[in-house]
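So the chains spell out like this:
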Amino acid sequence: TGLPLGAPLAAAGLLLLAARAARRPDSERAREARQDAALTCLWLGVVLVGTTLWLPLDWDRYFFVYVAATALLEGVAVGVLVTALRRRAADLATARDAAPELPTPA
């Protein structure tokens, strides 16, 4: 997508998506998330490999498929990062609220 972190974010997104697809589901919601991740990995593989093998000319219009696929992968990575940061902030707030107050020196 032109961002300096585009390639690392896309690679991280692919790893995170593959990890979600390989995870053993423990609930119905987790099973559906696993199926969605597996289907997305399959779509990405077909699109990226298929377009690479089929690419007849070096025209920009043939690279639009890559842009959509890498934007999806970057979005997965950013979404996981934001969710982790929000959970960490909530955990810190909970720990701060549960901590006993220290007496003030007189």
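Residues numbered from 1 in each chain as written. Predicted model: local features only at pLDDT ≥ 70, side-chain atom pairs only at ≥ 80, totals over all residues. Heavy atoms only, no water.

## Things to note about the nonpolar core
A general feature of soluble globular proteins is that nonpolar side chains tend to end up buried together.
Next, step 1: Core analysis: the largest hydrophobic core is formed by seven residues, namely A10, L17, A21, A37, L44, A69 and L73.
Next, step 2: Of all the secondary structure elements, the ones that give two or more residues to this core are helix 1 (6–22), helix 2 (28–54) and helix 3 (64–98).
Next, step 3: A total of three residues in this core trace back to one element, the largest contributor, which is helix 1.
Next, step 4: Excluding residues that lie within four positions of it along the chain, A37 makes contacts with L17, R20 and A21. (Core = buried A, V, L, I, M, F, W, Y, C linked by side-chain atoms within 4.5 Å. Buried < 20%, exposed > 50% of the residue type's maximum accessible area, 1.4 Å probe, protein only. Helix = DSSP H or I, 4+ residues; strand = E, 2+ residues; numbered from the N terminus. Contact = heavy atoms within 4.5 Å.)

## A closer look at the packing of helix 1 against helix 2
The relative placement of two packed helices is expressed as an angle between their axes plus a distance between the axes.
Next, step 1: The interhelical angle for the contact between helix 1 and helix 2, taken along N-to-C directions, is 130°, at an axis separation of 7 Å. Comparing the axis directions of helix 1 and helix 2 gives the class oblique. Taken as a pair, helix 1 and helix 2 cross one another with a handedness that is left-handed. Touching L17, A18, R20, A21 and A22 of helix 1 are A33, R34, A37, A38, T40, C41 and L44, all from helix 2.
Next, step 2: Per-class residue counts for the contact of helix 1 with helix 2 are nine nonpolar, one polar and two charged. (Axes fitted to C-alpha atoms, helices over the stretch in contact; angles between N-to-C directions. Parallel < 35°, antiparallel > 145°, perpendicular 65-115°, else oblique. Left-handed = near helix turned anticlockwise from the far one by under 90°. Nonpolar A, V, L, I, M, F, W, Y, C, P; charged D, E, K, R; others polar.)

## Structural notes on the pattern of salt bridges
Next, step 1: The final tally for this structure, using the stated rule, is one salt bridge.
Next, step 2: Among the salt bridges present, the one from R31 reaches E28, with a minimum N-O distance of 2.4 Å. With R31 and E28 both in helix 2 and three residues apart, the pair spans about one turn of that helix.
Next, step 3: Exposure remark for R31: the relative accessible area of 34% places this residue in the partly exposed category. (Salt bridge = Lys/Arg side-chain N within 4 Å of Asp/Glu carboxyl O.)

## Focus on the side chain of T51
Next, step 1: Structurally, T51 can be placed in helix 2.
Next, step 2: For T51, the side chain forms a polar contact with the main-chain oxygen of V47, separated by 2.6 Å.
Next, step 3: In this structure T51 touches V46, Y62, V65 and Y66, once residues within four positions along its chain are discounted. (Polar contact = N/O pair within 3.5 Å; in protein donor to acceptor, adjacent residues only side chain to side chain.)

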